[in-house]
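Fold and geometry: a report
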Amino acid sequence: MSRRRIHAMWGGAALATAVALGGSMITAPPASAATIDRVTVSQGGYSAAGYKVGFAVADGALPGATSCRVLQGETVVLPSCTLLDRGTTWGDRVYQVDFSAFTTVGDDYALEIGGVRSPRFAIDENMWAGYLDEMTAFYRLQRSGVATEDAYPDGYSSIAPSEKVYHAAGHLDDAASEDGTVHYDLTGGWYDAGDYGIYGGNQWVAGNIAISYLRYGDTPEVAFDNDANGVPDLVDEAWFGSEYLLRMLDAFGGPFWDVKGSGGFQHPEFHTDGVVGTADDRRISGMGVGGSAKASGSLAATARAIRAAIDSGDIAVADAAAWEALAVEAEEGAVEFYDYADSHRGDPLGGYSTTRGGIANSLLFAEVQLHLLTGDAAYRTSAEATIAATPFTILSSTNYWDMGPLSMAELYPVATAAGKLDIQRYLKKQLDYVLSSTDDTPYGVIDQFKNFGVNEPHVSYMADALRYWELFGDQRALRAVQKGLYWVFGNNPWGTSWVSGVGETFTTFLHTRLDEQGQTAGGTGIVLPGALVSGPNVKDPLDMTSASPWYQDRPGAQDVGQQWRYNEYSVSIQAGLFSALFGLTAAGDAPWSTGTPPTALTVGSPRIGDYVTGDVTVFAQSGTSLTGHALGPDWTPMTASGGVSTGHVDVSGQAPYTNARIDVRGTQASGAYSYSSAHYTVAPPLPTPETPLLYDGFGRDGLFGVQGYTWVNWYNNHAGVGQVTNTTVDDRTVGRFFQNPATAMSQAKFQPWHHSVDADGYRYLSVTMRSPSPNLRLRIEVSDADSNHRVTGTAPIAIANTWTTYDFDLAAFPGLDRSQAKLVFWLQQTADTDGELFVDSVQFTNDAGGTAPVLSDVSHTAGTLTPSTPVTVEAEYTDADGTAPHAVELVIDGVIHAMSPVDPGDTDYTDGARYAGTVSLVKGVHSYYVRTTDTTSAVVQSPLVTGVTVG
């Protein structure tokens, strides 16, 4: 393999600038008083007798005399309220206001703190009841094979859908066999999400709807019939979902298949022609026995719900016989699905199926519902055996990943004495986790941020906690559920309601193909009543260096293929909110006293947003009331000393920008566990000749490649077509860039979506590639927010047919901001012939040269150190060549903090320049070192300093 250096322009030099990767920096005292960024409330409102809480989010400590009041319109109705300082969360100072004592029913209220007003909200006798019609409206609008106007009668819900939601019946030709030779009648069901797929692993949601009627149907607000067909809408919807399950059973006799989505942002009737037997019929795939087990549970629950509606008179006597016939059909189907799944436990689980506990977990849902339906004790015996063998862990969120908590709550009233003991023990451990995890922040949210929004696990845990309160009367659970739902209704740092249509500021740009303008510039978004989106990620999928946690409601046209990670909704994401709203409606004005909260456990370091490297020390507050601290996921014992427990996580083998969660637990005197979580981001290497930055290796590696997306052909100038596929050539994983031009003028544009990369400190864009096409010419452009540069020069270049690494000198473009670099490849053929380009890797590199810098005279603040006393570390940076550092970094306990020049005017590095960093350290014994690079030599690191005690 050869190497070629490409200098598109002569001259210029690499510009080195310091990059701050998080942590604390030396800062001047604030020039002005703290500013309140926003005041947040539940934009869905509050119940008169319920818990009421709001927040002020500020950039610093507020004066003690800061005003706090509640207004209705412009009239002051609560002249004063108390601000509770909850400290710093996610970089903001947070103040909590509890105004539960204000119970006057009305609307147009606002919480005003320091002159800043919240969005408007209402207080109702039972605010939860006001959103029940949106919950069933959501599922009706997700129906497949049905025209919207048939599923959603005019005025069905108090929040109306956008006009663009309305569509004709689609996918009437579902579905063909895997090879396309056989057709099966699989019309109907719910689209899982905005992509129109229907998945076996989510077929438990029909059962969840039926269970909501069974648990709360005797509450008048729950047994509503908004379509006036003489049947409670919950029973209607459960049966609609069950009909699809029975079609699957008729077609295959037990296995459950996925029918995946396809096509662009169009209404479903445009995805296929709706004619059975044509080439565009969607095909089945991904057979899984997990879907069979869940279908069994759903059918059994639906049969129970139908009979309960008949017995209660919610279904008219004249219609009872017809509905009883449906219940019989559902019961028979439930048994058939169960028998198949039980006898095929070794078959693949299938997509979106239970990963924790395997098929036994999915079958648990079926066994419980079948026992409740038939009274057959064998089902209960099998279910209780599964429960007894199930250890409690928090490795998976609830919802479709774990059917256990829902199934246990359903079984408890009819369980044996031993079964009840096992169930309560398990569910109590889960409640301990919920209560102690939601106290990590003031907002009452489960501390489980990752690369998919937090709301899905969060609302699932809320539904589980509510069922625990119903069974065992623990009022702490009821309060936690209220606060936890306020989070999704807008009581969060973004002041955004993640429930479509609810509140002054709610998610607009849902990721759904129902919004046909969802990927076009100028799109205005969509309202899908009641739809809950997945919400905040640990990081922005467009910017790996973003703040943590992150959320933004932005149009899809500004995004990459991963918008679904934060503005996605689905029938399963919805399920926790669905259950909780019906349950809270039934709870009415039940008391929600604080009780005794779990002993607080705090992870002091690392904190969310921290960038880490190497061996990371985890610090957990120990005190005297918690013992036996352990570090998840394997619950490795931590070392306790002086009231602090420490453990270690080695991130040296993890890819740059990996985001991960650390779970810590301690044992209370009662034996119950208290939990806390921390999150970290693995820092990229400092730019040196020894540490190139891989952008895409075309084998699911590199900063872009690890996301699993291929590059896209955005545009073809002067006609023609282009395509990128990942494949193997010469035993290398490569990207195959292909152009079929219309003429020699045709140009094909390829990009890694809209992704940008922080390549600051790297001099070369290095591309290893070859082309077997003699007519192919390549142009590469690198742009930032303000400029665009042709790094291949003024004319496209030919590419050798042997593997060659081409180094494009970015130093030739001093105006390029390499910290936000975007790449574009253009292919053009010199004749009207096809062209292929094989790209093995795209990375950023440096040359070795000059003299390595030296770090010396490293010191830290002397004397007694406390958490309230910031610690300053200083070091001398010297470079014989006079080269400025790319960065000088302080690494404490594996967490990276940027250091800044003590004298910014001292730029003569040949005789040394002082750098300093100031941080606040948690209680414990710390170690640190300083590191730097001039980008042309290896990283220079000072000796490790240990034994820095903070008391």
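Notes on the structure in this doc start here. Note that this is a predicted model, so its numbers are computed, not measured.

**Some thoughts on the environment of valine 231**
You can see valine 231 is positioned in the loop between helix 3 (205-216) and helix 4 (233-252). Overall, valine 231 belongs to the buried group, its relative accessible area being 3%. The spacing of valine 231 and aspartate 319 is 88 residues in sequence and 9.2 Å in space, taken between C-alpha atoms. Excluding anything up to four places from it in sequence, valine 231 contacts Asp225, Asp236, Asp314, Ile315 and Trp323.

**Some details on the packing of helix 12 (residues 475-488) against helix 14 (residues 573-587)**
Packed helix pairs are specified by the crossing angle of their axes together with the interaxial distance, meaning the distance between the axes. Where helix 12 meets helix 14, the axes come as close as 11 Å, and the angle between the chain directions of the two elements is 125 degrees. The angle between helix 12 and helix 14 places the two elements in the oblique class. For helix 12 against helix 14, the interelement crossing comes out left-handed. Facing helix 12, whose interface residues are Leu478, Val481, Gln482, Leu485 and Val488, helix 14 presents Leu577, Ala580, Leu581 and Leu584.

**Topic: the sheet that holds strand 2 (residues 36-40)**
A sheet is described by the order of its strands in space; here 4 strands give the open sequence 2-4-8-7, paired in antiparallel fashion. Single-partner strands in this sheet number two, and they are strand 2 and strand 7 (84-89). Mean inter-strand twist for the sheet, computed between neighbouring axes without regard to direction, equals 20 degrees. Across 4 bridges, strand 7 lies against strand 8 (residues 92-98) in antiparallel orientation. Within strand 8, the residue paired with threonine 89 across the bridge is aspartate 92. Strand contacts of helix 12: strand 4 (53-58), strand 7 and strand 8, with the helix running at about 50 degrees to strand 4, the strand carrying the most contacts.

**Observations concerning the nonpolar core**
Among the nonpolar cores identified, the biggest contains 173 residues, and Leu111 and Leu485 are the most heavily contacted of them. Core analysis: the second largest hydrophobic core is formed by 47 residues, Met544, Tyr695, Val767 and Ile896 among them.

**Brief notes about the packing of aromatic side chains**
The tally for this structure, following the rule as stated, stands at 57 aromatic pairs. Each ring, one from phenylalanine 99 and one from phenylalanine 121, has its centre 5.9 Å from the other, and the planes form 45 degrees; the classification is tilted. A residue pair is termed long-range when its members are at least 10 positions apart, and phenylalanine 99 in the loop between strand 8 and strand 9 (106-113) and phenylalanine 121 in strand 11 (residues 121-124) qualify at 22 residues. For phenylalanine 99, a relative accessible area of 3% corresponds to the buried category. Overall, the relative accessible area of 3% leaves phenylalanine 121 in the buried class. One aromatic cluster in this structure is built from Phe55, Trp90, Tyr443, Phe449, Trp487, Trp494, Trp498, Trp550, Tyr551 and Tyr566. The ring of tyrosine 412 carries lysine 420 above its face, with NZ or CZ at 5.5 Å from the centroid.

**So, the sheet that holds strand 29 (residues 776-783)**
With respect to topology, 5 strands assemble into an open sheet ordered 24-27-32-29-30, the strand pairing being antiparallel. Only two strands of the sheet have a single neighbouring strand rather than two, namely strand 24 (712-717) and strand 30 (788-790). Direction aside, the axes of adjacent strands within the sheet are offset by 25 degrees on average. Across 4 bridges, strand 27 (residues 747-751) lies against strand 32 (residues 822-829) in antiparallel orientation. Bridge pairing in strand 32 places alanine 748 opposite leucine 827.

**Details of the state of the cysteines**
The bond known as a disulfide is covalent and runs between the sulfur atoms of two cysteines. For the coordinates displayed, the defined rule picks out 1 disulfide. Covalently, cysteine 68 is tied to cysteine 81 through a disulfide, its sulfur atoms 1.8 Å apart. Looking down the S-S bond of the cysteine 68 and cysteine 81 bridge, the torsion is -95 degrees, so its handedness is left-handed. Here cysteine 68, found in strand 5 (residues 68-72), pairs with cysteine 81, found in the loop between strand 6 (75-78) and strand 7; they are 13 residues apart in sequence, far enough to count as distant.

**Things to note about the pairing of strand 11**
Going residue by residue along strand 11, you find Phe121 and Ile123 tucked away on one face and Ala122 and Asp124 left uncovered on the opposite face. Taken together, the 2 bridges between strand 3 (residues 46-47) and strand 11 define a ladder with parallel strand orientation. From the neighbouring strand, serine 47 faces strand 11, where its bridge partner is aspartate 124. Note that strand 9 and strand 11 share 2 bridges and pair antiparallel. Paired with glycine 106 across the two strands is isoleucine 123, which belongs to strand 11.

**Describing helix 14**
When the terminal C-alpha atoms of helix 14 are compared, their 22 Å separation across 15 residues agrees well with the 21 Å that a helix rising 1.5 Å per residue should span. Most of helix 14 sits inside the fold, with 14 of its 15 residues counted as buried. Note on helix 14: the residue one or two positions beyond its end, glycine 588, has a positive phi of about 60 degrees.

**Quick look at the side chain of serine 100**
With respect to the element layout, serine 100 can be found in the loop between strand 8 and strand 9. With relative accessibility at 12%, the residue serine 100 sits in the buried group. Reaching out from serine 100, the side chain makes a polar contact with the side chain of aspartate 98 at a distance of 2.6 Å. With residues near it in sequence (within four places) discarded, serine 100 still touches Ala48, Gly50, Tyr51, Lys52 and Trp592.

**Section: the pairing of strand 33 (residues 835-845)**
Summarising burial for strand 33: 10 of the 11 residues are buried, a large majority. Bridge analysis of strand 23 (residues 693-696) against strand 33 gives 3 bridges, and the strand direction is antiparallel. Looking at strand 33, one finds that aspartate 696 is bridged to valine 842. Bridge count for strand 26 (residues 732-740) against strand 33 is 5 bridges, and the pairing is antiparallel. Directly across from phenylalanine 738, in strand 33, lies its bridge partner glutamate 836.

Basis of the calculations
- Residues numbered from 1 in each chain as written.
- Predicted model: local features only at pLDDT ≥ 70, side-chain atom pairs only at ≥ 80, totals over all residues.
- Heavy atoms only, no water.
- Helix = DSSP H or I, 4+ residues; strand = E, 2+ residues; numbered from the N terminus.
- Buried < 20%, exposed > 50% of the residue type's maximum accessible area, 1.4 Å probe, protein only.
- Contact = heavy atoms within 4.5 Å.
- Axes fitted to C-alpha atoms, helices over the stretch in contact; angles between N-to-C directions.
- Parallel < 35°, antiparallel > 145°, perpendicular 65-115°, else oblique.
- Left-handed = near helix turned anticlockwise from the far one by under 90°.
- Pairing = 2+ DSSP bridges.
- Core = buried A, V, L, I, M, F, W, Y, C linked by side-chain atoms within 4.5 Å.
- Phe/Tyr/Trp six-rings, centres within 6.5 Å; stacked < 30°, edge-to-face > 60°.
- Lys NZ or Arg CZ within 6 Å of the ring centre and 35° of its normal.
- Disulfide = S-S within 2.5 Å.
- Expected span 1.5 Å × (residues − 1).
- Polar contact = N/O pair within 3.5 Å; in protein donor to acceptor, adjacent residues only side chain to side chain.

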